[in-house]
Amino acid sequence: DAKTTQPTSMDCAEGRAANLPCNHSTISGNEYVYWYRQIHSQGPQYIIHGLKNNETNEMASLIITEDRKSSTLILPHATLRDTAVYYCIVRVMDSNYQLIWGAGTKLIIKP
Amino acid sequence: NAGVTQTPKFQVLKTGQSMTLQCAQDMNHEYMSWYRQDPGMGLRLIHYSVGAGITDQGEVPNGYNVSRSTTEDFPLRLLSAAPSQTSVYFCASSYLQGSSPLHFGNGTRLTVT
């Protein structure tokens, strides 16, 4: 079973910030939260990850709540090319390194 | 630096045929893995490897074999293809240290008739 819960789909206007929520209420202390996206069934593209602190890179920001039970991916200025399925995933840092994938959020950026 | 390279991009097999999906990475990653993705769903782990000579099963290993003779290559073998193996297959790799993210190839689209 997926360890994360995401909305099935979301819309966002081009140029606005896209905020994608994710619930991971059963997350353990050593599990990282990763975000990937998949465009047109290409290989998943890594966006950002974090353990408990907020993170920012050139693509996005990741806000993790203090209790770590939920997080939000922020795309600050969405473009049409950001239309994709976004996956929020937790990963246990053991020898398996398995990622448990859910169905993700289909984000549609509208002109 | 090509990243993760998968071949072929597309393949059609008849039931019972065998084939090997190729995966190569040039980033010296210790960890490599194979996933399958069915329509509208997330990825499911088939097999993985944490280094040359070491492989292990993931969530859905039945019908697939792997080997890891070098750090760079991690081929996936279908011994006797079945229609249920129609899917998109992704190979991914990463460093083992720290929280290194997975890097994915662009996939192999397999149809078994």
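The text that follows walks through the structure, step by step, so that each part is easy to find. (Residues numbered from 1 in each chain as written. Chains lettered and ligands numbered in written order. Predicted model: local features only at pLDDT ≥ 70, side-chain atom pairs only at ≥ 80, totals over all residues. Heavy atoms only, no water.)

What follows deals with the pairing of strand β11 (residues 108–112) of chain B. All names here are of chain B. Residues T108, L110 and V112 line the buried face of β11, whereas the alternating positions R109 and T111 sit on a face that is not buried. The pairing of strand β2 (residues 10–13) with β11 spans four bridges and is parallel. Pairing of Q11 across the sheet is with L110, part of β11. Looking at chain direction, strand β9 (residues 87–94) and β11 are connected through three bridges and run antiparallel. Across the sheet, residue V88 finds its bridge partner in β11, namely R109. (Buried < 20%, exposed > 50% of the residue type's maximum accessible area, 1.4 Å probe, protein only. Helix = DSSP H or I, 4+ residues; strand = E, 2+ residues; numbered from the N terminus. Pairing = 2+ DSSP bridges.)

This next bit is on unusual backbone geometry. A cis geometry characterises the amide bond from B:T7 onward to B:P8, with omega recorded as -5 degrees. Assignment of secondary structure puts B:P8 in the loop between β1 (4–7) and β2. Here A:R68, not a glycine, exhibits a phi torsion of approximately 65 degrees, which is positive. Structurally, the position occupied by A:R68 is in the loop between β6 (61–64) and β7 (70–75). A relative accessible area of 10% places A:R68 in the buried class.

A few words on the sheet that holds β1(B). Residues and elements named next belong to chain B. Within the open sheet, the four strands sit side by side as β1-β3-β8-β7. Their pairing is antiparallel. In this open sheet, the two edge strands, each paired with only one partner strand, are β1 and β7 (64–66). Averaged over all neighbouring strand pairs, the angle between strand axes comes to 20 degrees, with direction disregarded. Bridge count between strand β3 (residues 19–25) and strand β8 (residues 76–78): three bridges; the pairing is antiparallel. For L21, the partnering residue across the bridge sits in β8 and is L76. (Axes fitted to C-alpha atoms, helices over the stretch in contact; angles between N-to-C directions.)

Moving on, we get to the sheet that holds strand β4 (residues 45–50) of chain A. Two strands in a sheet stick together by hydrogen bonds in their backbones, pointing the same way (parallel) or opposite ways (antiparallel). Residue and element names in this part refer to chain A. Judged by pairing direction, the sheet is mixed, and its five strands sit side by side in the order β1-β9-β8-β3-β4 without closing on themselves. Where the open sheet ends on each side, the last strands, each with one partner, are β1 (9–13) and β4. Each strand axis lies, on average, 25 degrees off the axis of its neighbour in the sheet, ignoring direction. In this structure, strand β3 (residues 31–38) lies alongside β4, joined through five bridges in antiparallel fashion. Across the sheet, the residue bridging to R37 is Q45, located in β4.

Keep in mind these numbers describe shape, not what the thing actually does.
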